[in-house]
Amino acid sequence: MTTHRARRTVRSAALAAVTAAVALGLTACGGADDGSKAAGGDRAAGTAQSRPAAGGNGKGSAEQTDGGGDTKEGAQPSTASGRADQAASKGTTSGAQQCRGDEMLLTAVHRFAGQQGDHLLVTASNEGTKPCWVTSYPAVKLGDDVDGAALPHSTKDKPGGDRHITLQPGAKVYSAVNLFAYGSQNHTAQSFALALRGDDGRIGPLYSVDLKGEKPQFSWKEADVLNWSTEKPYDF
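Please read all numbers here as calculations on a predicted model, not as lab measurements.

## A few points about the overall build of the protein
Working step 1: Secondary structure assignment for the protein yields 1 helix and 14 strands.
Working step 2: Pairs at least 24 residues apart make up 77% of the contacts formed inside the protein by residues separated by at least 6 positions.
Working step 3: Here the protein displays about 14400 Å² of accessible surface, and carbon together with sulfur accounts for 52% of that area.

## A closer look at the sheet that holds strand β11 (residues 191-195)
Within a sheet, adjacent strands bond to each other through the backbone by hydrogen bonds, running parallel or antiparallel.
Working step 1: A sheet is described by the order of its strands in space; here 7 strands give the open sequence β7-β11-β12-β4-β5-β9-β14, paired in mixed fashion. Looking at the sheet topology across the chains shown, the edges are occupied by β7 (139-142) and β14 (222-225). Taken pair by pair, the neighbouring strands of this sheet meet at an average axis angle of 25 degrees, ignoring direction.
Working step 2: Bridging between strand β5 (residues 119-126) and strand β9 (residues 172-180) involves 7 bridges; their strand directions are antiparallel. Note on β9: the bridge partner recorded for H119 is N178.

## Things to note about the pairing of strand β4 (residues 104-111)
Working step 1: Most of β4 sits inside the fold, with 6 of its 8 residues counted as buried.
Working step 2: In this sheet, β5 lies alongside β4 in antiparallel orientation, the contact comprising 8 bridges. Directly across from A108, in β5, lies its bridge partner V122.
Working step 3: Relative to strand β12 (residues 207-212), β4 runs parallel, the two sharing 2 bridges. Following the sheet pairing, A108 is matched in β12 by L211.

What counts and what doesn't
- Residues numbered from 1 in each chain as written.
- Predicted model: local features only at pLDDT ≥ 70, side-chain atom pairs only at ≥ 80, totals over all residues.
- Heavy atoms only, no water.
- Helix = DSSP H or I, 4+ residues; strand = E, 2+ residues; numbered from the N terminus.
- Contact = heavy atoms within 4.5 Å.
- Areas by Shrake-Rupley, 256 points an atom, 1.4 Å probe, with all protein chains shown as cover.
- Pairing = 2+ DSSP bridges.
- Axes fitted to C-alpha atoms, helices over the stretch in contact; angles between N-to-C directions.
- Buried < 20%, exposed > 50% of the residue type's maximum accessible area, 1.4 Å probe, protein only.

These figures capture arrangement, not role.
Next up, the structure:
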C-alpha cells in the first residue's frame, strides 16, 4: 500500500509540473502577442503622423480680426480652380501662426501704367497646409536696391492695419504699391523685394517678386504701400 501511494504521489507531481509548464507557455505567448500589437500600433501611428496633410476641399478663406478675435467680412465664392479668389468668413483665429514668406505665393501686376492711379497690385496666397495670419503692410523695396530702406506706409490708407488677417490654405490677401512718377530722373525696374511684418513691426526675410502682365516695367520717383486687405485696392 505504501508503494502504491508513493507512485500516485510521483504521478501527481509530474502532472502538476506539466500543467505549470503549459500555463507558463501560454502566458509567454500571450505576452509576446500583446507586445507585437503594441509595436504595430506605434508603427501605424508613426506612419499616419509622417504622412503629408491632404489638400482638403481646396477652398480657402481669410478672416480679419482685431485683438479680441472678432472677425469682419462675409463669405465669398471660390474660383473654378477650387481656390478662393478672395474669401472671408466669420470664426475664431486661435492657434494660427504668423504667415511665413516661404509658404506664401507672391505675385504682382502693374496696373494703370503711366496713368493716374499707377500702382503695383500685390497678391499673397497661403500655399501652406495650415491657417496663418498677416498684419500691417508689407515691407517693399523696389528694384535691385535691397539694402535701402523699405517704402513708407501710405498716409491715405484706411485704418485697421494693426489687425490680423487670417488666411486659410489657398486664401489670398492684397496690397498695393502706389507709384508716383513725375519730372525727370525717375527710377525704373521690373521687380521688387517683399517681406512680411510682425506685430512688432519687425521685417522678415525678403523675397523677390517679378511682375506679370503686359507692362511689367514700372517707374517711380516716390512710392508708398497700402495695408494688407481681403479686398483688392483700386478695384474699379
